[in-house]
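Examination of the molecular architecture
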Amino acid sequence: MKSFFIGNMEIKIPIIQGGMGVGVSLSGLASAVANAGGVGVISCAGMGLLYPKIKGDYAIKCIEGLKEEIRKSREKTKGVIGVNIMVALSNYADMARTAIKEKIDVIFAGAGLPLDLPSFLSSDSTTKLVPIVSSSRAAKIICDKWKANYGYLPDAIVVEGPKAGGHLGFKKEQLADNHYSLETLLPEIVSVASTYESEKHIPVIAAGGISTGKDISRFMELGASAVQMGSIFVTTEECDASRTFKEVYLNSNPEDIEIIESPVGMPGRAIRGEFIQRVKEGLTKPISCPFNCIKTCDYTKSPYCIVKALYNAAKGNMSKGYAFAGANAFLSKKISSVKEVFESLKNEFAQATQKVTE
């Protein structure tokens with residue numbers, strides 16, 4: 001696997017660990033991935049829930065919690081660390097400003113168009129900005145808006161296909177349509193990125209359902225400079241979620257992974273379980289909303305509080321939550337170290353590329 005650059009930062013192994021919230025990818029997993037040569041990513045989602053002892057309201061807990069996770073990751077690695085910030089978060093701006101102030105290496109921003117993300121940079125900022133998109137149209141809109149308003153182009157672009165875990169940037173009927181497959185989207189977005197080549201090289205990172213070294217080889221042949229992978233890192237020793245959460249992945253089968261309607265207003269991919277069944281039966285209902293964490297969520301119309309459901313699951317309380325997962329999450333059958341995952345992927349990649357050249 002060839003290294004690649006995000007801005008002036010060389011990434012030795014072209015693997016970005018996807019941001020997974022709430023509390024699934026924090027400093028533990030992110031630093032382990034960074035130490036292996038990839039980009040480790042801390043998820044900002046629901047950060048305030050993870051730091052209940054910090055004084056102040058939920059917004060303050062989120063800011064201070066993010067600072068703490070970045071600090072802890074820096075103690076464990078000298079590698080590249082990023083944060084994943086959903087644009088749909090009510091505190092998206094707070095999280096972006098905090099991450100930049102703490103000199104995070106990269107911000108990955110999706111679940112909405114991060115049209116104002118460069119506005120949070122100051123003249124001495126070193127943080128690289130990487131939007132996550134699900135269409136070539138979104139990629140072009142972001143590039144043109146950033147260029148016109150801020151004189152800035154993305155340092156890379158992540159294209160997330162319909163096989164990703166968690167919230168998906170597609171309508172439900174598009175998920176099985178080949179016109180929206182990652183194999184179709186990737187070359188289109190590589191083409192968009194290439195139109196800015198005279199001003200800046202914008203590497204494109206493929207994401208969504210990538211689970212083997214063979215997959216990595218295939219998407220690199222289609223023009224990707226790197227890949228983003230999430231589910232494969234859930235079943236690692238260093239993943240910040242509970243053992244119970246990891247076992248949901250280990251015990252899952254292909255038919256257990258389904259598309260659900262999220263209170264965020266987007267379809268999501270998750271592993272079927274008791275809580276999801278109760279939601280379908282109308283047996284859940286939030287009493288109040290102390291967080292106001294998602295811009296598009298109206299708790300009076302929502303069947304449950306998504307941030308609490310994801311937090312409960314990560315802590316192992318699966319009767320009150322569920323696990324988001326990619327389409328191939330069921331492939332994980334044992335707990336491995338991050339180092340072992342990287343070695344396996346490198347070996348699979350080498351075998352796949354060798355077959356192509358023979």
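Placed above this text is the structure.
Let us look at the structure shown here. (Residues numbered from 1 in each chain as written. Predicted model: local features only at pLDDT ≥ 70, side-chain atom pairs only at ≥ 80, totals over all residues. Heavy atoms only, no water.)

**What to know about the overall build of the protein chain**
- A count of helical and extended segments in the protein chain gives 12 helices and 13 strands.
- The globule rule puts the C-alpha radius of gyration for 358 residues at 21 Å, and the 19 Å found for the protein chain is close to it.
- Judged by the C-alpha coordinates and their principal axes, the protein chain covers about 55 × 45 × 40 Å.
- For the protein chain, the proportion of contacts with a sequence separation of at least 24, taken over those separated by at least 6, is 65%.
- With an accessible surface of roughly 15400 Å², the protein chain has 51% of that area assigned to carbon and sulfur atoms.
- For the protein chain, the distance from the average position of its 42 positive side-chain charges to the average position of its 37 negative side-chain charges is 4 Å. (Helix = DSSP H or I, 4+ residues; strand = E, 2+ residues; numbered from the N terminus. Rg over C-alpha atoms; globule rule 2.2 N^0.38 Å. Contact = heavy atoms within 4.5 Å. Areas by Shrake-Rupley, 256 points an atom, 1.4 Å probe, with all protein chains shown as cover. Lys, Arg positive; Asp, Glu negative; His and termini not counted. Charge placed at Lys NZ, Arg CZ, Asp CG, Glu CD.)

**Side note on the environment of glycine 79**
- Mapped onto the secondary structure, glycine 79 falls in the loop between helix 3 (58-76) and strand 5 (80-86).
- Considering only alpha carbons, one finds glycine 79 and aspartate 116, 37 residues apart in sequence, at a separation of 27 Å.

**Looking at the pattern of salt bridges**
- Applying the stated criterion across every chain, the model contains 15 salt bridges.
- As a salt-bridge pair, arginine 71 and glutamate 68 come within 2.5 Å of each other at their nearest N and O atoms. Highlighted residues: arginine 71 and glutamate 68, both in helix 3, separated by three residues, approximately one helical turn.
- A relative accessible area of 38% means that arginine 71 is categorised as partly exposed. (Salt bridge = Lys/Arg side-chain N within 4 Å of Asp/Glu carboxyl O. Buried < 20%, exposed > 50% of the residue type's maximum accessible area, 1.4 Å probe, protein only.)

**Considering helix 3**
- Compared with the 27 Å implied by 1.5 Å per residue over 19 residues, the 27 Å span of helix 3 between its first and last C-alpha is a close match.
- Listed as buried for helix 3 are Tyr58, Lys61, Cys62, Gly65, Leu66, Glu69, Ile70 and Ser73. Burial along helix 3 is one-sided: seen end-on, the buried residues are contained in an arc of 160°.
- Among the structural elements, helix 1 (27-35), strand 4 (39-43), helix 2 (47-50), strand 5, helix 4 (92-101) and helix 11 (306-314) are those in contact with the buried residues of helix 3. (Expected span 1.5 Å × (residues − 1). Arc of directions from axis to C-beta.)

**Some points on the packing of helix 5 (residues 136-150) against helix 6 (residues 182-194)**
- Put simply, helix 5 and helix 6 touch, their axes get as near as 9 Å, and they point 20° apart. Viewed along their axes, helix 5 and helix 6 adopt a mutual orientation that is roughly parallel. Relative to helix 6, the crossing made by helix 5 is right-handed. Facing helix 5, whose interface residues are Ser136, Ala139 and Lys140, helix 6 presents Glu188, Ile189 and Val192.
- Across the contact of helix 5 with helix 6, the residue classes break down as three nonpolar, one polar and two charged. (Axes fitted to C-alpha atoms, helices over the stretch in contact; angles between N-to-C directions. Parallel < 35°, antiparallel > 145°, perpendicular 65-115°, else oblique. Left-handed = near helix turned anticlockwise from the far one by under 90°. Nonpolar A, V, L, I, M, F, W, Y, C, P; charged D, E, K, R; others polar.)

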